[in-house]
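Now for the letters of each chain:
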Amino acid sequence: MGHKYAFFMVLPLVAVSVIVGGHFWGGLGLLGLTLGRILALRNWKVALMAVIAVGGFSGYLLGREQQINRRQLPIDANQSVNVALRIQPDAVVLRGAAYYLVAQNVQTGEWMSVRGYAKSAVELHALQRLQQPQIWQVAGQQQGILPATNVNQFDAAAYWRHRGIVKSLKITTVNQRSPATSHWYQWFNDWWHVRRAQLIQYCDQLPGALRIYALGLFPGSRAAETANELQGMQQLGLLHLFAISGLHVALLLTALEWVCVHLKIPREHWEWLTLLSLPGYFILAGSNSGVLRACLMRGSQLASKKLGSQVDTLTAWSWALFVGLLINPGLVFELGSQLSYGLSLGLIFLTQETHWWRQIGLTLLGLPSLLNGVYQWHGLTLLANWLIVPLFPVVILPITIVGTLSFLWLPGLSHACAFLLEQLDHGLRLVGSWPGNILFGKPWWGFCWLWWGSAWWLFSKPVAQRRRWLLGLLASYGLAFGVIHLPLHGEVTYFDVGQGDSILIREPFNRRVTLIDTGGHLSFAQPKWVPKTVPTYAATQTNINYLKSRGISHIDDLYLSHHDADHIGDLPAILQAFRVERILVPAGMETETGWQHLLRGVRQSPPVVPITVGLQPRLQVRHPFTAAPAENGQSTVLQGSFGGLNFLFMGDLDQAGERAMLSADVHLRTDVLKLGHHGSKTATAPDFVAQIQPRLAIISAGRQSRYGHPHEETLTTLRQAQVPAISTQTSGMIRYVYAGDHGYWQTKLKGVVKQ
């Protein structure tokens, strides 16, 4: 591949990876455009090389996919296995007593996603101080990796598949841990992983915000508190520039060169030192896509220089992308890679632009990826980039380096650096809270491709003509915003929140948004030796993520069916993420103190409205009849009609409550019944089903439920009544999408349901 045409040669390979990754038409269109551009060069040698490259890369990807498919396991196939795992010391991530890592099966050489739980304080301490590669002899349950079970949820299965990992292992017993032997071909890799483990452990001792910055910038490790600590930076669209884009890598390498020059080390020596240490630094810095790109670009330029050739920045970028695609063919689908490669390409092409046009260009190039990945953008992002990014190499990075290096000898200086970083974070959070944050929603992927291409087209025009094109581009964003925020259809959606409930009712044009329960996890008492962890909420990955992807920033009515944690445990996350007009609870729950802590420490305190039968806030209340403690038998039951179907939402109501409902209304009927108590045998009595005559039953229950939900007795009742059932256990998110009096059923894992 010649230097002059490297950029044109790598773009068709991107198109091939898009096709193989599942976006057939988008990838095919990109392939046609890139090959057409190559043909326009009228260089048949380059065209022939491009065709050969496309054919070779396609064969490589298809062979890789076939190999992965042979190793694939069904997600519901639990296999009891005894395996030996080779563990790198920096691979273990601890959250409380739980640990997560990627390890290699010694017998097969296959890499696996592994999780387990420390059973004693001694075991936990050993994991915290791990500093050498080990062999673990373990027993556990092996299965396929669960894909995203809710629409627009992070897809762990796809993420790991891009890296050649398709199996997960839940460790039940660790029979033995012993030091691993480093063979000659493993020594280099092991040595750098040991150094990274030591660096992580050192940075983990640093005070306050300095710990967050040092972990992220040096070993590329994400602390549990990162999301909260860097909230302002994330809101202002700055986080990707400092962490996942690889900007810090280039700055650190530049700083290293500066030190070598001032120490009067001959250029020949430090260039060789830099070149030979880049593979190790790639491991030390966390091995993410941004680090890979930065190391490959710098390495290719240094290597070509040593070989007596000159590689320009664009060619170095092209080679970095080519190698990145070989290692991770799915990198074009990942937000970090899109920003890292996309923004660095923008910096290359926009070098001659004025400062403001360069900032506008980088914003336009990054915006489609940000909207597709995080669904929002702050109006102050341009200003924040203009003010903060220049401070990074001269203020933020030096403070982090000084604070990290001085911790052991001058702890006061280290704490002062932490204080300065905390003040920066506080200021960014304050600015990020100002008006201007736009919850855009997730645009159709075709819009994203159009915007990205239009941004490049814009900068191909003379400056005098750009304003007109810029206005047209902004108008297309406005059109997409309107399509997302004023949808013609409505939906009734049962989220897959595991062992819990959360249901969305969204009317056409988003006229009214109703949420019934938030989901949550039941908590169990932990031993005293288990460290406390930062509270996390599964809702951020399930219902909150989905609502934001639909451009929803407010909830009109939030119903809490009763006080169990699997129904209301994620309430703080909902209140933090959305403007909630009011919370409606079964009468009696409003006076209970056991759940009131969920309302504290959030940005709003909406009114809590008790409801009973006879009140009709929006949905018809079928239960409870009187005020009482909000246990299962006091669950709120709601009924409403949408898209030509009648829905009955049962909460965790038991059979006694069902009988009370039938006594109150002998003509009670429904089309769609959400089973009470996750399909437990304590609910869904045969006479109740026979009376209400549902056409479809919905079951919301967790996989491998410790309670055995849904119970076989309940499933038998449905079969005898000839009522088909759809469960979140096997189908993931369940949606009824409607317009007028017609609609269709769709599930995340099984697609459209035939009616």
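Thresholds applied
- Residues numbered from 1 in each chain as written.
- Predicted model: local features only at pLDDT ≥ 70, side-chain atom pairs only at ≥ 80, totals over all residues.
- Heavy atoms only, no water.
- Phe/Tyr/Trp six-rings, centres within 6.5 Å; stacked < 30°, edge-to-face > 60°.
- Helix = DSSP H or I, 4+ residues; strand = E, 2+ residues; numbered from the N terminus.
- Buried < 20%, exposed > 50% of the residue type's maximum accessible area, 1.4 Å probe, protein only.
- Lys NZ or Arg CZ within 6 Å of the ring centre and 35° of its normal.
- Pairing = 2+ DSSP bridges.
- Axes fitted to C-alpha atoms, helices over the stretch in contact; angles between N-to-C directions.
- UniProt positions renumbered as here; feature names shortened; annotations may be inferred.
- Domains from an automatic or database assignment.
- Contact = heavy atoms within 4.5 Å.
- Buried area = accessible area lost by both parts, 1.4 Å probe.
- Salt bridge = Lys/Arg side-chain N within 4 Å of Asp/Glu carboxyl O.

The protein is annotated in an unreviewed UniProt entry as ComE operon protein 3 from Levilactobacillus brevis KB290.

Draft legend 1. Fine view of the packing of aromatic side chains. Scanning all chains against the criterion turns up 34 aromatic pairs. Taking the centre distance of 6.3 Å and the plane angle of 80° together, the rings of Phe440 and Tyr477 count as edge-to-face. Linking Phe440 in the loop between strand S8 (437–439) and helix H20 (445–458) with Tyr477 in helix H21 (residues 463–485), this pair joins segments that are 37 residues apart in sequence. On the accessibility criterion, Tyr477 (7% relative accessible area) is buried. On the basis of an interplanar angle of 90° and a centroid distance of 6.1 Å, the ring pair of Trp444 and Phe447 is categorised as edge-to-face. Within the aromatic cluster, the residues linked to one another by ring pairs are Phe7, Phe8, Trp317, Tyr341, Phe349, Trp452 and Trp456. A cation sits over an aromatic face here: Arg177 above Trp136, 4.3 Å from the ring centre.

Draft legend 2. Broad picture of the sheet that holds strand S12 (residues 554–559). Strand order in the open sheet formed by nine strands is S14-S13-S12-S11-S10-S9-S21-S22-S23, and the pairing between neighbours is mixed. Sheet topology places strand S14 (608–611) and strand S23 (751–753) at the edges, where each strand pairs with a single neighbour. On average, each strand axis in the sheet is tilted by 20° relative to the strand beside it, whichever way the strands run. Relative to strand S10 (residues 503–506), strand S9 (residues 490–494) is paired through four bridges, and the arrangement is antiparallel. Its bridge partner being in S10, Val492 is matched across the sheet by Ile505.

Draft legend 3. Region of the structure containing the UniProt feature "domain: Metallo-beta-lactamase" (unreviewed entry) in the protein. The sites that carry the UniProt feature "domain: Metallo-beta-lactamase" (unreviewed entry) are, in the present numbering, residues 499–703. Measuring from the first to the last C-alpha atom of residues 499–703 gives 8 Å, for a span that is 17% helix and 23% strand.

Draft legend 4. Looking closely at the domain arrangement of the protein. As far as domains go, the protein holds domain 1 (4–71), domain 2 (79–181), domain 3 (193–353 + 379–437), domain 4 (452–485) and domain 5 (490–521 + 537–753). The gap between the C-alpha centroids of domain 2 and domain 5 is 35 Å. With ten residues of domain 2 at the interface, the matching set in domain 5 holds 15 residues. Both faces considered, domain 2 and domain 5 share a buried interface measuring about 980 Å² in area, 50% of it formed by carbon and sulfur atoms. For the domain 2 face of the interface with domain 5, the top three residues by lost area are Thr149, Asn150 and Val151, together amounting to 54%. The interface formed by domain 2 and domain 5 holds zero salt bridges in total.

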